[in-house]
Amino acid sequence: MAGLTARLPRSAVALTLGLLVLPITFGLLGTLLPAFGYLPALGGDDLSLQPFRDLAATPGVATAAVLSVATGLAATFISLGITLVFVASYAGTPTLSRLQHLLSPLLAVPHAAAAFGFAFLIAPSGFLIRLVAPLLGIDRPPDILIPHDPMGLTMIAGLVIKETPFLFLVTLAALLQVELPAARRLAASFGYGRIAGFVYLLWPALYRQIRFAVYAVIAYSSSVVDVALILGPDLPGTLGTRLVQWMNDPDLSARFLASAGAVLQLGVTVVALLSWFAVERLASLLLRLAREKGWRFLRDQFLRRASILIVGLIGGAVFAGLAILALWSLAGLWQFPDLLPQNFTFRSWMSALPRIADPLVTTLVTGLASTLMAILLTIGCLERELQTGRSVGDKALLMLYLPLIVPQITFVFGLQLLFIYSGGGEYRLIALVLVHLVFVLPYVFLSLADHWRALDRRYEIIATALGRSRISVLLSIRLPMLIRPILTALAVGFAVSVGQYLPTLLIGEGRLSTITTEAVALASGNNRRVIGVYALLQTILPFLAFALAALIPAALHRNRRDMRV
């Protein structure tokens, strides 16, 4: 038994590393070979640069690539800037704790659902224009191109309202590892403003801890597909949306062009990351200069108030968008400029329900299976940490973030090609679960790791001294005491799986669909009632998971208050 207890965590570490590295390696290989003309199943027997020549000759590709870099960098810069100013202004105050409770649920909202809600708010016939229509005498929707504006401003705004809460919560987790009260007192004693003192004394150390999360946001924002389809420009679209068109082209020879485009997408993300590294250097230089000059920035009240206003608007926009989705899903006749529908009906739900069953089952099966595997592997890895006494270093952390930093569309497309031409069609659901696992695993690990490490080890030392085995200590002490963070990590993983669009689209090949792929497919149809049904259902599933994660520990620990951590 003792040998098994030691071997299982070691095996979990090996399996986790394999799951993080091998799909990316084989996926990139599966993309690179067709990009250079080698795909024997489609007649590509020799290496060639012809796919890249075809890509270069395709109209609008350069514009699409520039648009992807610009929107990715802009969304990341704005999201991180809002996070920095807000945390610097309110860290250690009750205001920050209250807004933390407001923003935390936003992580459960899938990107596509948030984008649909935002679009329904700001569209020319959206809720905001209906609010002011009576005051301004507007009786028809104004002729403005929102969303889908050619500069991608709506898409940037949509990404900011989702990525800011993510960076905010990552920063809060890192904030626990710095001496905030002492730094605040020191900065105040030397006469520095609240924001300046925080940035000079704490931000460099904080940024080192959250930088991989920032890189993940850059990679996601510069290659995102579902948000770009809902909010992004149409002609030309971003590079990600063009790639999806080529990948789904009935003409199979377009796979060569799509592979070359996927390599270009990888280059686009690399350019975005290199540009960000340059911004990091410049910011570091400016910070050192400001510190040496002794600039104290005492008058920062306007910036502090603006930051809390913007964070409140972000939270309000997401929740208001969800409310509008709910209204549209139940709306009967709702003409412009009426503020509310003339009547409510379940007709949209009743007509959609028969078509929802299969995608719902696939969503649940894929989400539950990938999340359960992720939590088992995570627990195994964390147990191995306890056995060896070595925690995750920078290299291991980078490996953990690797599936989030390498653009999905680059390596998942290669996995799709390998999957198709290896004849694995009958194992499509298993393949889908494994691909979801690649993206779920990092989030589950990051959600659970701090809680696992923080549990007082004296409980286990005492149990071991009383003769309990390692596996018994795990099952009877550690897992029951950590049931709340474990269930929260499960809920996070399930939410991540539910929100996966591109992996489901490519690996499912139209034969397997989830609520998310169905919702995004409806974007071009512009039927707001049906979109409201799918987008709301897409949001309800993660919320149910988080609700269960809160209720089950409360019930289990009802008469065991000392078991709560």
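Summary of the structure given here. A quick note: this is a predicted structure, and the numbers were derived from the prediction, not measured.

Calculation rules
- Residues numbered from 1 in each chain as written.
- Predicted model: local features only at pLDDT ≥ 70, side-chain atom pairs only at ≥ 80, totals over all residues.
- Heavy atoms only, no water.
- Helix = DSSP H or I, 4+ residues; strand = E, 2+ residues; numbered from the N terminus.
- Rg over C-alpha atoms; globule rule 2.2 N^0.38 Å.
- Areas by Shrake-Rupley, 256 points an atom, 1.4 Å probe, with all protein chains shown as cover.
- 1 Å grid on protein atoms, 1.4 Å probe; cavity = no way out; pocket = protein on both sides within 12 Å on 5 of 7 lines; lining within 4 Å.
- Points joined across faces, edges and corners; volume = space filled by probe spheres on them.
- Nonpolar A, V, L, I, M, F, W, Y, C, P; charged D, E, K, R; others polar.
- Salt bridge = Lys/Arg side-chain N within 4 Å of Asp/Glu carboxyl O.
- Buried < 20%, exposed > 50% of the residue type's maximum accessible area, 1.4 Å probe, protein only.
- Core = buried A, V, L, I, M, F, W, Y, C linked by side-chain atoms within 4.5 Å.
- Contact = heavy atoms within 4.5 Å.
- Phe/Tyr/Trp six-rings, centres within 6.5 Å; stacked < 30°, edge-to-face > 60°.
- Lys NZ or Arg CZ within 6 Å of the ring centre and 35° of its normal.
- Axes fitted to C-alpha atoms, helices over the stretch in contact; angles between N-to-C directions.
- Parallel < 35°, antiparallel > 145°, perpendicular 65-115°, else oblique.
- Left-handed = near helix turned anticlockwise from the far one by under 90°.
- Patch = residues over 30% accessible without salt bridge, like charges linked within 9 Å, V, L, I, M, F, W, Y side chains within 5 Å.

The number of helices and strands found in the protein chain is 24 helices and zero strands. Compactness check: the protein chain gives a C-alpha radius of gyration of 25 Å against a globular reference of 24 Å for 565 residues, within 12% of the reference. C-alpha extents for the protein chain along the principal axes are approximately 70 × 60 × 55 Å. Surface accessibility of the protein chain: about 26000 Å² in total, with carbon and sulfur atoms responsible for 67%.

If you add up the space inside the second largest pocket, you get close to 1000 Å³. At the level of secondary structure, the elements contributing two or more residues to the lining of the second largest pocket comprise helix H3 (61–90), helix H9 (194–201), helix H10 (203–223) and helix H13 (254–293). In terms of residue count, the dominant contributor to the lining of the second largest pocket is H13 (13 residues). Among the residues forming the lining of the second largest pocket, the class breakdown is 22 nonpolar, two polar and seven charged.

Once that is clear, we can look at the pattern of salt bridges. A complete count under the given rule lists ten salt bridges for this structure. When the shortest N-O distance is used, the salt bridge between Asp139 and Arg140 registers 4.0 Å. Judged on exposure class, the residue Asp139 and its partner Arg140 are both exposed. For Arg428, the salt bridge is made with Glu509, and the minimal N-O distance between the two is 2.8 Å.

Quick look at the nonpolar core now. Membership of the largest hydrophobic core comes to 129 residues, with the highest contact counts inside it found for Leu175, Phe198 and Trp203. A total of 14 residues in this core trace back to one element, the largest contributor, which is H3. With residues near it in sequence (within four places) discarded, Phe198 still touches Leu84, Val87, Ala88, Ala91, Leu175, Leu180, Arg184, Trp203 and Leu206. In terms of nonpolar packing, the next biggest core, distinct from the first, is built from 39 residues, Cys381, Leu437, Trp452 and Val492 among them.

Right, let's get into empty space enclosed by the protein. What the rule picks out here adds up to two cavities of 30 Å³ or more. Of the pockets and cavities examined, the largest cavity occupies roughly 40 Å³. Among the secondary structure elements, those contributing two or more residues to the lining of the largest cavity are helix H5 (111–122) and helix H7 (153–175). Sort the elements by how many residues they give to the lining of the largest cavity and H7 lands first, with four residues. When grouped by side-chain class, the residues that make up the lining of the largest cavity number five nonpolar, two polar and one charged. Approximately 30 Å³ is the volume found for the second largest cavity. Lining the second largest cavity are Ser68, Thr71, Met155, Ser221, Ser222, Ser223, Val224, Thr238, Leu239, Gly240 and Gln265. If you tally residues by element for the lining of the second largest cavity, the top one is H10, at three residues.

Attention now moves to the environment of Phe118. Mapped onto the fold, Phe118 is located in helix H5. In the structure, Phe118 is positioned 204 residues away from Leu322 in sequence and 8.4 Å away in space, judged by C-alpha atoms. Once you skip the residues sitting within four places of it in the chain, Phe118 turns out to touch Thr154, Ala157, Gly158, Ile161 and Leu231.

What follows is about the packing of aromatic side chains. All told, the structure shown has 14 aromatic pairs when counted by the stated rule. Between Phe120 and Trp328, the aromatic rings sit 6.4 Å apart at their centres with planes inclined by 65 degrees, giving edge-to-face as the arrangement. Linking Phe120 in helix H5 with Trp328 in helix H14 (residues 301–330), this pair joins segments that are 208 residues apart in sequence. The class of Trp328 is buried, set by a relative accessible area of 6%. Ring geometry for Phe212 against Tyr401: centres 6.0 Å apart, planes inclined by 35 degrees, an arrangement best described as tilted. You can see Phe212 sitting in helix H10 and its partner Tyr401 sitting in helix H16 (residues 394–405), a full 189 residues away along the chain. As far as the burial class goes, Phe212 and Tyr401 line up, both buried. Three or more aromatic residues joined by ring pairs make a cluster, and in this case those are Phe212, Tyr215, Phe277 and Tyr401. Above the plane of the ring of Phe212 lies Arg211, whose end atom (NZ or CZ) is 4.6 Å from the centre. The side chain of Arg528 reaches across the aromatic face of Phe120, ending 5.3 Å from its centre.

Let us look at the packing of H13 against helix H17 (residues 408–421). Axis separation between H13 and H17 bottoms out at 8 Å; the angle between their running directions is 150 degrees. On the basis of the axis angle, H13 is roughly antiparallel to H17. For the pair H13 and H17, the crossing hand works out as left-handed. Residues Arg255, Ala258, Ser259, Ala262, Gln265 and Leu266 of H13 form the contact with H17, whose own contacting residues are Ile409, Thr410, Phe413 and Leu417.

The next subject is a nonpolar patch on the surface. On the surface, Leu22, Phe26, Leu29, Leu32, Leu33, Phe36, Tyr38, Leu47, Leu49 and Leu418 cluster together into a nonpolar patch covering about 900 Å² of accessible area. Mapped onto the elements of the fold, Leu418 is located in helix H17. With relative accessibility at 39%, the residue Leu418 sits in the partly exposed group.

Cis peptide bonds are those with omega within 30 degrees of zero, and the linkage from Ile146 to Pro147 qualifies with -10 degrees. Locating Pro147 in the fold gives a position in the loop between helix H6 (127–136) and H7. Between Phe336 and Pro337 the backbone carries a cis peptide bond, its omega angle lying at 10 degrees. In this model, His148 sits at a positive phi of 70 degrees, which is unusual for a non-glycine residue. Note that His148 resides in the loop between H6 and H7. Accessibility expressed as a relative area gives 23% for His148, which makes it partly exposed. Phi at Glu509 is positive, roughly 50 degrees, even though this residue is not glycine.

Distances and angles like these do not, on their own, reveal function.
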